Amino acid sequence: MWYLSISETAITLNGTNHLAILVGGGPAPGINSVIGAATIRACLAGVKVLGIRDGFERLMQGDTSQVVPLTIEAVSRIHFRGGSHIGIARANPTLDPRSLDRAIAALEELGVSQLITIGGDDTAFSAMRLEQHSRGRLRVAHVPKTIDNDLDLPPQVDSFGFQTARHYGAEIVKNLMVDAKTTSRWYFVITMGRKAGHLALGIGKAAGATVTLIGEEFTPPIRLKTLVDTLAGAIIKRLSEGRRDGVAVIAEGVALDLAAEDVAGLLAVEHDEYDHIRLAEVNTGDLVKNRVQQRLRTLGIRPTIVAKNIGYELRSADPIPYDMEYTRDLGYCAAKFLLAGGNAAMISLQGGHFVPVPFADMIDSQTGRTRIRLCDISSTRYAIARRYMIRLRRDDFDQPETLARLAATAGLSPDEFRREFEYLIDTEPPPLVVGQLGEEPTTART
């Protein structure tokens, strides 16, 4: 473990010693806290700090015109606010070695020998490649940022911004739940989460949403019918209990795993600089809403369903105190790590201690990209979430009275209902097992 006990005397490379900070990817609450804390720590060590506006966008063109000096006075109170004091961009310098050359040359022109990057898995990959390409001319530390919480950190360590996004997301869903009950309607809430369902699950579980769907619970390719029937089944079950309202939280990344034949043309939308589909342009909510309504109409059920995307409302929110403290620690550690001669690592706090994660340890050997942390659907956390959801379960089909009530709600006989929906339980996890005191812990499942 790296303890911050090395002399704070900054290391000078090539006669320069400036520290630069840039932000890549999408916004997340706490960016400004990292910028502020890193700037203050470096300035106190006598190091000049530069803010590179708009991520790699101009650096990779060799443009140094959009650089701002960062001082203690300028950043001492920015940790209260969301957004990014120095802007942000998804520009990708790894697509062309010349872009990396220009970025390194631009930083050298600015007298920068140390760089803090703030971003998610794509920015981490760019930071790693930039450091490698510099061949010792540039030392780099990366601070993990994403409300998706999908960076490859230990299970108990969140990426910054996640807790704030979950907090405000749960508030939005809470209000929608009240509106749903008041108006006897359903909301399908699509949350950010390109590859992992952490945000959807965190929001849905915290708010007590009726049902939450994440990509990890399905085996790709996901048939649209399975997704539609899962939601239709939840609506039928809720209706059989006398409730016409509900809120389903759905991770946006589910759309990426839908079978190609079910979504022909749907994903033919713009891609970003890292060749990711711009999921905000995919009408997952409307697609699923329309298909669920069609499915239920064949059964004589006509619910009112409203599709709503949330994400942009969350990612530039003012950070909650948890993320303010967490990100100030990360910013401090990032600056001091570089000042002490550290290089080529992602900054993390684990159990209250600073732990640098070497860039080399972040790479997936099969893809050559940074690894992604998915939701662990074998965990107790997920098991409990499933137990609180209203969705068709194995015991619904095992109990004749329950099956008869569900079938009657759908206007079907019990055998017909079984033929239509029982396949959904094929992938239902086994019951949750909680050991007694003194027993060896067991893997928790639903």
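For the structure given in this document, a descriptive report is provided here. Nothing here was measured: the structure is a model prediction, and the numbers come from that model. (Residues numbered from 1 in each chain as written. Predicted model: local features only at pLDDT ≥ 70, side-chain atom pairs only at ≥ 80, totals over all residues. Heavy atoms only, no water.)

All right, on to the overall build of the protein chain then. For the protein chain, the count of helices and strands is 14 helices and 11 strands. Considering the protein chain as a whole, with its 446 residues, one finds that 56% of them fall into the buried category. For the protein chain, contacts bridging at least 24 residues in sequence account for 77% of all contacts bridging at least 6. Here the protein chain has roughly 18900 Å² of accessible surface; of this, 49% comes from carbon and sulfur atoms. (Helix = DSSP H or I, 4+ residues; strand = E, 2+ residues; numbered from the N terminus. Buried < 20%, exposed > 50% of the residue type's maximum accessible area, 1.4 Å probe, protein only. Contact = heavy atoms within 4.5 Å. Areas by Shrake-Rupley, 256 points an atom, 1.4 Å probe, with all protein chains shown as cover.)

It is worth spelling out the packing of helix H6 (residues 198-207) against helix H11 (residues 380-388) at this point. Axis separation between H6 and H11 bottoms out at 11 Å; the angle between their running directions is 50°. Judged by the inter-axis angle, H6 sits oblique to H11. Crossing handedness for the pair H6 and H11: left-handed. Listed contacts from H11 to His 198, Leu 201, Gly 202 and Lys 205 of H6 are Arg 381, Tyr 382, Ile 384 and Ala 385. (Axes fitted to C-alpha atoms, helices over the stretch in contact; angles between N-to-C directions. Parallel < 35°, antiparallel > 145°, perpendicular 65-115°, else oblique. Left-handed = near helix turned anticlockwise from the far one by under 90°.)

What follows concerns the sheet that holds strand E8 (residues 246-251). Sheets are built from strands that pair by backbone hydrogen bonding, the pairs being arranged parallel or antiparallel. What the 4 strands build is an open sheet, ordered E7-E8-E6-E9; its pairing is parallel. Of all strands in the sheet, those bounded by a partner on one side alone are strand E7 (211-213) and strand E9 (305-310). Taken pair by pair, the neighbouring strands of this sheet meet at an average axis angle of 20°, ignoring direction. Here E7 runs beside E8; their pairing, made up of 3 bridges, is parallel. Paired with Leu 213 across the strands is Ile 250, a residue of E8. The strands that helix H8 (residues 284-297) touches are strand E6 (186-191) and E9; relative to E9, the one it contacts most, it runs at about 160°. (Pairing = 2+ DSSP bridges.)

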